[in-house]
Amino acid sequence: MADSAAAPQAAPHAGGAEVTKRDFLKLVTAAGAAVGVGAIVWPLVDSMNPSADVLALSSTTVDLAPVTAGQAITVMWRGKPVFVRHRTPEEIAKAKVDDKGRLPDPALDAARVKPGKEQWLIVVGICTHLGCVPLGNRSTEVRGEYGGWFCPCHGSHYDTSGRIRQGPAPANLAVPPYAFEGDTKIKIG
Amino acid sequence: MAGLHKSEFENPVINWVDSRLPIFTMLQKEYGVFPTPRNFNYFWNFGALAMINLVIMIATGIFLAMNYTAHKDMAFDSVERIMRDVNWGWLLRYVHANGASMFFIVVYIHMFRGLYYGSYKTPRELLWILGVIIMLLMMATAFMGYVLPWGQMSYWGATVITNLFSAFPLVGEHIVTWLWGGFSVDNPTLNRFFSLHYLLPFVLVGVVFLHIAALHITGSNNPLGIDVKGPQDTLPFHPYYTIKDSVGICVYFIVFALFVFFAPNYLGHADNYIPANPLVTPAHIVPEWYFLPFYAILRSVPDKLGGVLLMFASIGVLALLPWLDTSPVRSARFRPVYRILIIVLVVTCVVLGVCGGKPAEGIWVVLSRIATAYYFLHFLVILPVLGKFERTLPLPESISRAVLPTGGGPLPGGAAAKPMEKA
Ligand code: HEM
Ligand code: FES
């Protein structure tokens, strides 16, 4: 092959590089190979994404009746803890006042609960910093400066609306997709 | 005998093999007569120790894997069964767990040797970069291994570290879900970590091979940091350094045995003997000691993405070191200022390590910020500038002139005429 390419004009890097048929063929071959490799690699990479059975387990129903005002429970959804908190009127009022406070990730309290169900705050119990479970779901645990939750791992404080107020976490505790199925029952996911 | 290698070995069987596949010739060349600077000190033991350590990890790991079950409901109990019921299981596991710590001790000293004697400088840049890659692979391997017993620290360490990737904008969340194979650290995560924990050590073997291949092109550096000028500066690797390495290996095994038999859990965390519980985070999540300095850098930045980037940069900066250090003199022996600064850098890393193990509050945050700033200052500002201003001491003419009482005889012409040789 080296011999056949020895014609004078076939020195592509020597100044006036001419585009030859061979250059074109090389390019097409390389492009074909790249597509082929991609087609083989993608199934391997995608096999590591959540599988169908993991995705299928993605909803949970919770009965709210036993949770009295001021109490909170933890339920599992997609392998993660979800905090279901029955807020007291004072906690709701505080969250509303805090709407005007300093919020690193601004969100109104009203947008984080369902209309007419302000007492129920449902958030994913995973610190948005590096994924620890914040303390504060039990009333005996520290709840931080803002009366919501406190993450002991690197010191993030959340308020009574689950919004980040202080510490390294960049975002509010996530509100999972959920809907009320009757007055005292919700379906998460 | 066209097509056959001309073997010098007398033993007919060895000769027969060697003529067809010259592995014996290669071993003899690379480990028998290989010309090695005659002035090595004991810091030059640590490469050989690291290799032995890798072999120990693979050997104990393979036998542990015969009794280990990579399932979230069974992993913890299978490790307890290894400890209580499997013949010698306790030994296998303690050697493997403490072997990881020994591995990092050895490799960190090996790297310090490189920093002190300027082994990263031309022509050994690629050799050094391969070393940085080895360190990254070791960190990944050790991290995933620590997840396997599925205790509280395994679980929460895995959670915190994988969540680091969520700091990247847009793709972060997808990367983390992909790493987990779900929506939290769970059974799919444990399975893939086991698979990769088994694989990566063999990748390490490959990179170590390249590391050695590159070493045998440039030859070893030495405590004087000057080039080998001729045969009077070297000794054959065998028996001189096979023996010197053996002495180090004995000391290494004594230290290793002290950990395994007298303090097998000293470097571990009691919390990892509590089965993983996704609902309760331990009050103090602390990584293994060898990750503490990096963890301190991560936490010293109040911004999530910033902390993650800085932590990766602290390793990336090592790969750039051959170009950041502008001094032409290799060994710190002839660099009076650098010689002090390198000790300051070691102290900085120790301070970072201590801070990484403390809760991120009060004085510890301040200290880790100062130490982090100094770490980067050392590599990015001090080293480039120092090389231009430092008054280095005169270098010896040659290794043999410097270390032999007789001065090693006359030098081959030319070399003697360069008293201020710059590396
Ligand atoms: C670079 C080499 C390696 C390093 C640094 C390393 C590191 C670790 C660490 C830190 C642990 C956790 C120990 C504990 O706390 O219990 C571990 C566990 C484990 N490793 Fe490795 N490992 C290496 C090679 C291997 C290899 C080649 C295998 C072969 C399959 C293996 C199999 C295992 C198994 C089955 C466990 C779980 C049992 C246990 O926890 O003791 N490892 N490894
Ligand atoms: S994980 Fe909560 S503060 Fe870092």
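Fair warning: this is a prediction, and the values are worked out from it, not measured in the lab.

### A look at the site of ligand 1
Residues and elements named next belong to chain B.
Part 1 of the reasoning: The immediate surroundings of ligand 1 are formed by 25 residues, with Arg 93, His 96, Pro 149, His 197 and Tyr 198 found nearest.
Part 2 of the reasoning: One of the side-chain N or O atoms of Arg 93 is found 2.8 Å from an oxygen atom in ligand 1.
Part 3 of the reasoning: Measuring from a nitrogen atom of ligand 1, one finds a side-chain N or O atom of His 96 at 2.8 Å.
Part 4 of the reasoning: Going through the elements one at a time, α3 (46-65), α5 (89-116), α6 (125-147) and α9 (187-218) are the ones with two or more residues in the shell around ligand 1.
Part 5 of the reasoning: For the shell around ligand 1, the element with the highest residue contribution is α3, accounting for seven residues.
Part 6 of the reasoning: Considering only residue class, the shell around ligand 1 consists of 19 nonpolar, five polar and one charged.

### Quick look at the sheet that holds strand β4 (residues 120-124) of chain A
Residues and elements named next belong to chain A.
Part 1 of the reasoning: What the three strands build is an open sheet, ordered β2-β3-β4; its pairing is antiparallel. Each of the sheet's edge strands pairs with one partner strand only, and the pair in question is β2 (72-77) and β4. Going from strand to strand, the sheet's axes swing by 25 degrees on average, the running direction of each strand aside.

### Quick word on the pairing of β2 of chain A
Residues and elements named next belong to chain A.
Part 1 of the reasoning: Pairing of β2 with strand β3 (residues 80-86), which is carried by six bridges, proceeds in the antiparallel orientation. Its bridge partner lying in β3, Thr 74 is registered against Phe 83.
Part 2 of the reasoning: Where β2 folds back onto β3 in an antiparallel hairpin, the turn is made up of two residues, including Arg 78, whose phi is positive at roughly 50 degrees.

### Describing the nonpolar core
Residue and element names in this part refer to chain B.
Part 1 of the reasoning: Of all hydrophobic cores here, the largest spans 121 residues; its most connected members are Tyr 68, Leu 115, Trp 150, Leu 318, Tyr 338 and Phe 379.
Part 2 of the reasoning: The greatest single-element share of this core, amounting to 14 residues, is contributed by α6.
Part 3 of the reasoning: For Trp 150, the residues in contact, after removing those within four places along its chain, are Lys 72, Ala 75, Phe 76, Tyr 155, Val 185, Asp 186, Leu 190, Pro 275 and Ala 276.

### A short note on the pattern of salt bridges
For side chains bearing opposite charge, pairing can occur when the charged atoms are close.
Part 1 of the reasoning: Taken as a whole and assessed by the stated rule, the structure comprises 17 salt bridges over all chains.
Part 2 of the reasoning: Between Arg 84 of chain B and Glu 80 of chain B there is a salt bridge; the shortest N-O distance is 3.0 Å. Here Arg 84 of chain B and its partner Glu 80 of chain B are both found in helix α4 (residues 75-84), four residues apart, which amounts to about one turn of the helix.
Part 3 of the reasoning: For Arg 84 of chain B, a relative accessible area of 65% puts it in the exposed group.
Part 4 of the reasoning: With relative accessibility at 15%, the residue Glu 80 of chain B sits in the buried group.
Part 5 of the reasoning: Residues Glu 397 of chain B and Arg 401 of chain B are paired through a salt bridge, measuring 2.8 Å at the closest nitrogen-oxygen approach.
Part 6 of the reasoning: In this structure Glu 397 of chain B comes out as partly exposed when scored by relative accessible area, which is 26%.
Part 7 of the reasoning: A relative accessible area of 33% means that Arg 401 of chain B is categorised as partly exposed.
Part 8 of the reasoning: By sharing partners, the salt bridges in this structure join Asp 98, Asp 99, Asp 159, Arg 163 and Arg 165 of chain A into a single network.

### Here we look at the state of the cysteines
Part 1 of the reasoning: Under the definition given, this model contains one disulfide over all chains.
Part 2 of the reasoning: A disulfide bridge connects Cys 132 of chain A with Cys 153 of chain A, and the sulfur atoms are separated by 2.0 Å. Residues Cys 132 of chain A and Cys 153 of chain A share a disulfide whose torsion about the S-S bond is about -100 degrees; that sign makes it left-handed. A residue pair is termed long-range when its members are at least 10 positions apart, and Cys 132 of chain A in the loop between β4 and β5 (147-151) and Cys 153 of chain A in the loop between β5 and β6 (156-159) qualify at 21 residues. Cys 153 of chain A shares its class with Cys 132 of chain A; the two are buried.
Part 3 of the reasoning: We note that Cys 355 of chain B lacks a disulfide partner, and the nearest cysteine sulfur, in Cys 349 of chain B, lies 12 Å from it.

### Comments concerning the packing of helix α8 (residues 172-180) of chain B against α9 of chain B
All names here are of chain B.
Part 1 of the reasoning: The interhelical angle for the contact between α8 and α9, taken along N-to-C directions, is 75 degrees, at an axis separation of 7 Å. As judged from the angle between their axes, α8 and α9 are roughly perpendicular. In contact with Trp 178, Leu 179 and Trp 180 of α8, α9 contributes Pro 188, Thr 189 and Arg 192.
Part 2 of the reasoning: Residue composition of the contact of α8 with α9, by class: four nonpolar, one polar and one charged.

Cut-offs applied
- Residues numbered from 1 in each chain as written.
- Chains lettered and ligands numbered in written order.
- Predicted model: local features only at pLDDT ≥ 70, side-chain atom pairs only at ≥ 80, totals over all residues.
- Heavy atoms only, no water.
- Near = heavy atom within 4 Å.
- Polar contact = N/O pair within 3.5 Å; in protein donor to acceptor, adjacent residues only side chain to side chain.
- Helix = DSSP H or I, 4+ residues; strand = E, 2+ residues; numbered from the N terminus.
- Nonpolar A, V, L, I, M, F, W, Y, C, P; charged D, E, K, R; others polar.
- Pairing = 2+ DSSP bridges.
- Axes fitted to C-alpha atoms, helices over the stretch in contact; angles between N-to-C directions.
- Core = buried A, V, L, I, M, F, W, Y, C linked by side-chain atoms within 4.5 Å.
- Buried < 20%, exposed > 50% of the residue type's maximum accessible area, 1.4 Å probe, protein only.
- Contact = heavy atoms within 4.5 Å.
- Salt bridge = Lys/Arg side-chain N within 4 Å of Asp/Glu carboxyl O.
- Disulfide = S-S within 2.5 Å.
- Parallel < 35°, antiparallel > 145°, perpendicular 65-115°, else oblique.

Keep in mind that these numbers describe shape and distance, not what the molecule does.
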